[in-house]
Amino acid sequence: MRDDSEKWDVPQPIDCVHKANGITLAPATLSRQVLFSGPSVLAQTEQPIASWPDIVAAHSYALSIRRDRVLQVNGPAASEGWHGDTCQAVTDASDAYAVFDISGERSLEVLKRGAELSLDVPSKSVARILFNLGVFLYRYEAETKFRIHVASGHAEALVRSLKVAIAAS
Amino acid sequence: MTSHRTSRVALIDRLQPLRFSFDGKEYQGYKGDTLASALLANGVRVMGRSFKYHRPRGPWGAWVDDPNAIMTVTLNGRTFPNCPATTTPLVEGMQARAVNAWPSAAFDIKSGLDVFHRWLSAGFYYKTFMWPNWHLFEPMIRKMAGLGDISRDVLKGYSADQVFDHCQVLVIGGGAAGLAAARAAAEAGKGVVLVDDHPVLGGGLHQMPEIEGIAPADWIAEQASAITSAGGRILTATTAFGVYDHGLVGLAENGPFGTAPRLHRMRAERIVLATGALDRPITFTGNDRPGVMSVDGACEYLARYGVLVGRRIALVSNNSLADAAEVMLKEAGAQLIRLNPHDGPLQALGGKQTKGISQGSQHHAVDTILASGGMTPLVHLWRHAGGKLDWCEIRQALLPGTAPDGMVAVGAVNGAFDLDVSLSEARTAGAGKTPGVSPTSYGLAALWPDPGSKGRQWIDFQHDVTLKDVELAARENYVSVEHLKRYTTLGMASDQGKTSNMAGLAAMAAVQGRPLPEVGTTTFRPPFVPVPLEMYHGHHGKQLWHPLKRLALEPQHRAAEAALGEYGGWLRPGWYGRGKAKNLIHQEVLTARTSAGIFDASPLGKIEVLGPDAEAFVNFIYYNTISTLKPGHIRYGFMLTEGGSVMDDGVIARLDQNRFVISCSSSHVDSVRTHLEAWRQDGNDPDRIFIHDLTQHWATITVAGPKARDILAALALDVDLPAQEFPHMTLRETRFDDTPLRIARVSFTGDLSYELSIRRTKAPALWDAVVKAGVALEAAPIGIEALSILRAEKGYIMVGKDTDGETMPHDLGFGIPRLKKPVAFIGDRSLHSDKANASNRKALVGLAVPTGDTLLPTGAHLVEDTPPRSLGYVTSSYDSPTLGHPIALGLVENGAARIGETVSVWHLGDIRKATICAPCAFDPEGERLNA
């Protein structure tokens, strides 16, 4: 039982944009994040499914998290629960993950400070460990722009880690 | 001066002089010097003192193979201990001091210890300081031991960058073999990274007059250019310090002095090892004196720094590589004599300076002795990777044998001491092939320590391990090389066996009369050279060392002056307000009992189980029967391990036929999710059950207390709140601010209580509304400390605090499912074992202290007097502001049968009394649940 308030900085506002060393780190605003699970969910998903190192260009897309699960991003509203007709479990996870975009010519070098990443090693899943945090990581809109989803409670840790990495890069 | 700077073209910049000091005296060197080369250029030979006897030490080698010249360096007010002078680049203004010496390396007050060397042999302290107690002497020994003293100052900004990287071919070593291999691999289209620990590429090439018909500098530049032109990368001043599993190589990239190295975690598909070889010392009397150096070291000082290490040199070597060295040193102006070490026992003459060398009746007045007992390939990294070593009789050395996956050795490390052979091997390996066994023109006559010979002969310069120490170890049966190392400290610290390993092994082999390969070698472990701990640490410190999860409501809590702390991996309010914590916490308890406490319960698990088999699955997961739970209803239950012990408790709500929400303990979310995922795939159909952990999507605000219903009413939610409409252990779904809101009527305090869950981004608005509604009713936020007291007053447990790894549900008073649940569940079988049915199991009880007594210490043992033994222990203990006296929970043998019994409570030698009672100390009838 002790007061450790001073040991932990006040979290920065989630909408704060950080620019340094030619890198921009900014929160991404999504309309919706929905988890879909089911034995055939990858085949059933209508949106383009992001994979590594492809560049996601669509507004609405899905992230392949594992063989039976996708996270639909900016998709249409979906009723939650078990859907017997499609054999899919559906839940809203819009606030489960905080989402950030990091862009700049050397953005990959920044990310390499948190994970072993290579554009030459493809993966159908976008699930990664970045700075010891579980994230979904993929390229979005441009070759040097990466989008990161992290558990909301760890958003502060991710942003802080990225800022350290940006400063070092 | 014996050692001095020559006019030979070298790698230093003579236009950039640098001033520095050593042990308080001012000197000058040049950009490109190391501390050691600059001191040698100024005629300074004594650069340190040995670990035990404080004997004077000068540099043996010119790079990482030197164990002697270790310094504490201060630059710009910042002090760095244990800097090897041979690898520390000279910087303007450096102030260096020898470690382990006072007031200076040249005159060390502790040098008198050497007089007592007969009594300070290997293991002396194990034998000498046993009586009356080792711990009496230990502080003094520890104070005397070690090398440099670490500064107490925090080095602001001393932070290591860490980078993950990947390449197809990693070439370690930038000498001839490394450059050739890297070029061949790069030109074959491979993604190549070449690393070399020197700031300038070339390895030993700078000693040579030419290579493949051109000057070494031109040849090196040509190779480097070809490598980079083909897409390869070159990292200089970068040491490969360790090889780990799956091709992971640790690289330490050194920046300017005073900055932490950058750590590269390089994943290489293939590793070409071109780390070269070192001269090994010759073991003879007085071989540790300043002025006794390696042949290769002397040549490096001349080639790289233009420093001739002596004017009158005795070159003692048993191998053919010394011929070139002789020519080079003579050309630089040295008077040099060659001595064959096989012609008779050698003895270095002199004190702090070498005055001569004798061999039999021959005496030679020299100021420097250069020695080489053969070449020792640098196989450390090979061994890190699990590669085998084979003994080579021709080269009298351990060479890389069976290769680890994805690694190949080329050049001198592979025994290819001829340049043309080395280049051929390297180009073969660079092209992706494995070079075969290469012929060699290298010749030497075996030369190893001679046990029983006279005089003090050093095996390990840094730790003062002599030949006699190895003999002593053998006599005392420390014959295994691993025991030898630990008994004598041979090969420890920064040397890591680079100079001492082969001599030590050979000495032990000779003592035992066994071939050297039979003795084997010690285990090589990373790091190859000393690296700062900061490099491993990187940015993973303070708030980024195991970062806590942060609440959506943290700004609100901070605004309310919450005392934040870690609870179960989250930064959460312990209590609110400024002042004495205990008083504030007690006030929060009373607020919750008289009005309502408003509590941020967001970390509580919200794990959904969905699918057609969800009902059967949660029924199998839970100890309690869940299959009968109706939609909109909630049930309390336990999850057990297969061993039957309680792993979590909490509530489960049913949203509809195929959808449940598990609200597990805040700190158990990850383990419960893993537990569910594991069992989903084991014995169940994973296509019919899905686990969605939505804990961080939902924030939860609990309103608990007799006025909780009034507060919810003030929110004007579209839900009927009267008890008959919204009974205990039910759930309602409604909306707040047009956002879905779940309200669960459950209680962890024993009072009327509602848990309101809303998506995280909407939590601040809900919190503000609840707090505002509570003001008029004198309700207020409460922290976890108050909640802990509230639940303990009711006898509600915290799993992991009031349970241990053996606690089963019937120990907590929940025995019915064990006897009556008709279907299988996790832990079922274990609940029927002899151990589970033992009469002396520890069960949950309450503990009452005599009137006026203070609270019991948590962890105190409940003891039986005769015979004295522990019956159990106190698990939770608080001063209850509600009841006005201390309360406690505990686990005690056969607890239910001991209700009313008075037992002794032992804690740190004090014994008190307590009476065992029921766990629930407040409102045992549960009437307050309905307010």
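About the cut-offs
Residues numbered from 1 in each chain as written. Chains lettered and ligands numbered in written order. Predicted model: local features only at pLDDT ≥ 70, side-chain atom pairs only at ≥ 80, totals over all residues. Helix = DSSP H or I, 4+ residues; strand = E, 2+ residues; numbered from the N terminus. Rg over C-alpha atoms; globule rule 2.2 N^0.38 Å. Buried ≥ 20, exposed ≤ 12 C-beta atoms within 10 Å, placed from the backbone. Contact = placed C-beta atoms within 7 Å. Pairing = 2+ DSSP bridges. Nonpolar A, V, L, I, M, F, W, Y, C, P; charged D, E, K, R; others polar. Axes fitted to C-alpha atoms, helices over the stretch in contact; angles between N-to-C directions.

Engineer: Can you explain the overall build of chain B? Please cite residues and give values.
Structural biologist: For chain B, the count of helices and strands is 22 helices and 49 strands. Taking 931 residues into account, the globule formula puts the C-alpha radius of gyration at 30 Å, and chain B, at 37 Å, lies well above it. Oriented by its inertia axes, the alpha-carbon framework of chain B measures out at about 110 × 70 × 55 Å. Taking all 931 residues of chain B together, the buried fraction comes to 53%. A fraction of 66% describes how many contacts in chain B between residues 6 or more apart in sequence connect residues 24 or more apart.

Engineer: Give me the environment of W134 of chain B: which residues, what numbers.
Structural biologist: Residue and element names in this part refer to chain B. Mapped onto the secondary structure, W134 falls in helix 3 (residues 134–144). Since 13 C-beta atoms lie within 10 Å of it, W134 is described here as partly exposed. Sequence separation of W134 and V775 is 641 residues, and the distance between their C-alpha atoms is 65 Å.

Engineer: Describe in detail the pairing of strand 12 (residues 133–140) of chain A, supporting the description with residues and values.
Structural biologist: Residue and element names in this part refer to chain A. Burial runs high along strand 12: six of the eight residues are buried. In this structure, strand 5 (residues 55–56) lies alongside strand 12, joined through two bridges in parallel fashion. Of the residues in strand 12, the one forming a bridge with I55 is R139. Bridge count between strand 11 (residues 127–130) and strand 12: four bridges; the pairing is antiparallel.

Engineer: Please provide a residue-by-residue account of the sheet that holds strand 8 (residues 81–83) of chain A, values included.
Structural biologist: Residue and element names in this part refer to chain A. Strands sit in the order 4-6-7-3-9-8 across an open sheet of six strands; the sheet is mixed. A single partner strand is all that each edge strand has here, and the edge strands are strand 4 (49–50) and strand 8. Judged from the five bridges that link them, strand 6 (residues 61–66) and strand 7 (residues 69–73) form a sheet pairing that is antiparallel. Counted as the bridge partner of A62 is Q72 from strand 7.

Engineer: Before we move on, could you go through the interface of chain B and chain A and cite the residues and values that matter?
Structural biologist: Every contact between the two is made by 41 residues of chain B and, on the other side, 37 residues of chain A. When contributions to the side of chain B that touches chain A are tallied by element, the ones reaching two or more residues are strand 9 (162–172), strand 14 (262–273), strand 30 (549–550), helix 15 (554–559), strand 31 (562–567), strand 32 (570–576), strand 34 (607–610) and strand 38 (690–693) of chain B. If one sorts the elements of the side of chain B that touches chain A by residue count, strand 9 of chain B sits on top with five residues. Its residues placed into classes, the side of chain B that touches chain A shows 13 nonpolar, 12 polar and 16 charged.

Engineer: Please give an account of the pairing of strand 10 (residues 97–103) of chain A that cites residues and values.
Structural biologist: All names here are of chain A. In terms of residue burial, strand 10 counts as a mostly covered element, since five of its seven residues are buried. Bridging between strand 2 (residues 23–27) and strand 10 involves four bridges; their strand directions are antiparallel. Bridging across to strand 10, P27 finds its partner in F100. Bridge count between strand 10 and strand 13 (residues 145–151): seven bridges; the pairing is antiparallel. Opposite Y97, over in strand 13, you have A151 as the bridge partner.

Engineer: For the sheet that holds strand 22 (residues 362–364) of chain B, give the residues involved together with the corresponding values.
Structural biologist: All names here are of chain B. Ordered by their spatial adjacency, three strands build an open sheet running 20-21-22, and the pairing between neighbours is antiparallel. Unpaired on one side and paired on the other, strand 20 (346–350) and strand 22 mark the two borders of the sheet. Within this sheet the neighbouring strands show an average axis-to-axis angle of 25°, counted without direction. Here strand 21 (residues 354–359) pairs with strand 22 via three bridges, running antiparallel. Each bridged residue has a counterpart across the sheet, and for Q359 the counterpart in strand 22 is Q362.

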